[in-house]
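Structural overview for review
Below, each chain spelled out in residue letters.
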Amino acid sequence: MGNYKIEIEKSDTVFTVLERIAASNGFSIDYVSDQGYGVFITKIDSLGYDSSLGYNSPDGRYWMFYDVDNPAHFYNEGASSAKVYNKDIVEWRYEKPSW
């Protein structure tokens, strides 16, 4: 995927920023929506799994995001509800969760 810089708007979330980055850089994202946590990312570009599987990753790995400078910032929030602020550095990792 790579590193991207983007201007943050007042209402931005981790998801809206990812959507804009994907659209302006020619890669796709796939996701499912959940009433409790909002958007759940299943695939970024070609890495991940088809959203028709819902939350059932075939290999147990999921897309998870982190605030590099403040790991507790996005604790227990979904990508569509986690607010993004200027100077936040968001890192997406496709990994097996520790839970």
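Look a little higher up for the structure.
In every chain, residue numbers begin from 1 and rise along the written sequence. Local features in this predicted model are restricted to residues whose pLDDT is 70 or higher, and side-chain atom pairs enter the listing and the counts only when it is 80 or higher, whereas totals over whole chains, interfaces and linings include all residues. Side-chain calculation: all heavy atoms of the structure are included, whereas hydrogens and water are not.

Our next topic: the side chain of T13. By the criteria applied, helices consist of DSSP H or I runs no shorter than four residues and strands consist of E runs no shorter than two, each listed in order from the N terminus. Its location among the elements puts T13 in the segment before α1 (14-25). A 1.4 Å probe rolled over the protein chains alone gives each residue an accessible area, and that area as a share of the maximum for its type sets the label: buried under 20%, exposed over 50%, partly exposed in between. The exposure class of T13 is buried, given its relative accessible area of 8%. Ignoring anything within four residues of it in the chain, the contact list for T13 reads A79, S80, S81, A82, K83 and V84. Any two residues whose heavy atoms approach within 4.5 Å are treated as being in contact.

Let us look at the pairing of strand β1 (residues 29-34). Pairing analysis gives six bridges linking β1 to strand β2 (residues 38-44), with the strands arranged antiparallel. Note on β2: the bridge partner recorded for S33 is V39. For two strands to be treated as a pair, DSSP must find at least two bridges joining them.

Take the pattern of salt bridges next. The rule for a salt bridge is simple: a side-chain nitrogen of Lys or Arg has to be within 4 Å of a carboxyl oxygen of Asp or Glu. Applying the stated criterion to the full structure yields three salt bridges. Salt-bridge contacts for D12 lead to R20; the nearest nitrogen and oxygen are separated by 2.7 Å. Relative accessible area serves as the criterion here: at 2%, D12 is assigned to the buried category. Here R93 ties to E91 by a salt bridge, and the two come within 2.8 Å at their closest N and O atoms. Using a relative accessible area of 33% as the deciding quantity, one classes R93 as partly exposed.

As used here, the term nonpolar core means buried Ala, Val, Leu, Ile, Met, Phe, Trp, Tyr and Cys residues forming a set that is joined through side-chain atoms within 4.5 Å. V14, L18, F27, I29, I41, I44 and W92 are the most contacted members of the largest nonpolar core, which has 21 residues in total. Elements with a contribution of two residues or more to this core: α1, β2, β4 (62-67) and β5 (90-95). Here this core gets six residues from one element, more than from any other, and that element is α1.

Turning next to the pairing of β2. For β2, the buried fraction is high: five of the seven residues fall into the buried class. In this antiparallel pair of consecutive strands, β1 and β2, the connection spans three residues. Two strands pair when backbone bridges link them, and β2 and strand β3 (residues 47-48) are joined in this way by two bridges, in the antiparallel orientation. Looking across to β3, one finds that I44 is bridged to L47. Hairpin connection of β2 to β3: two residues between the antiparallel strands, including D45 at a positive phi of 60°.

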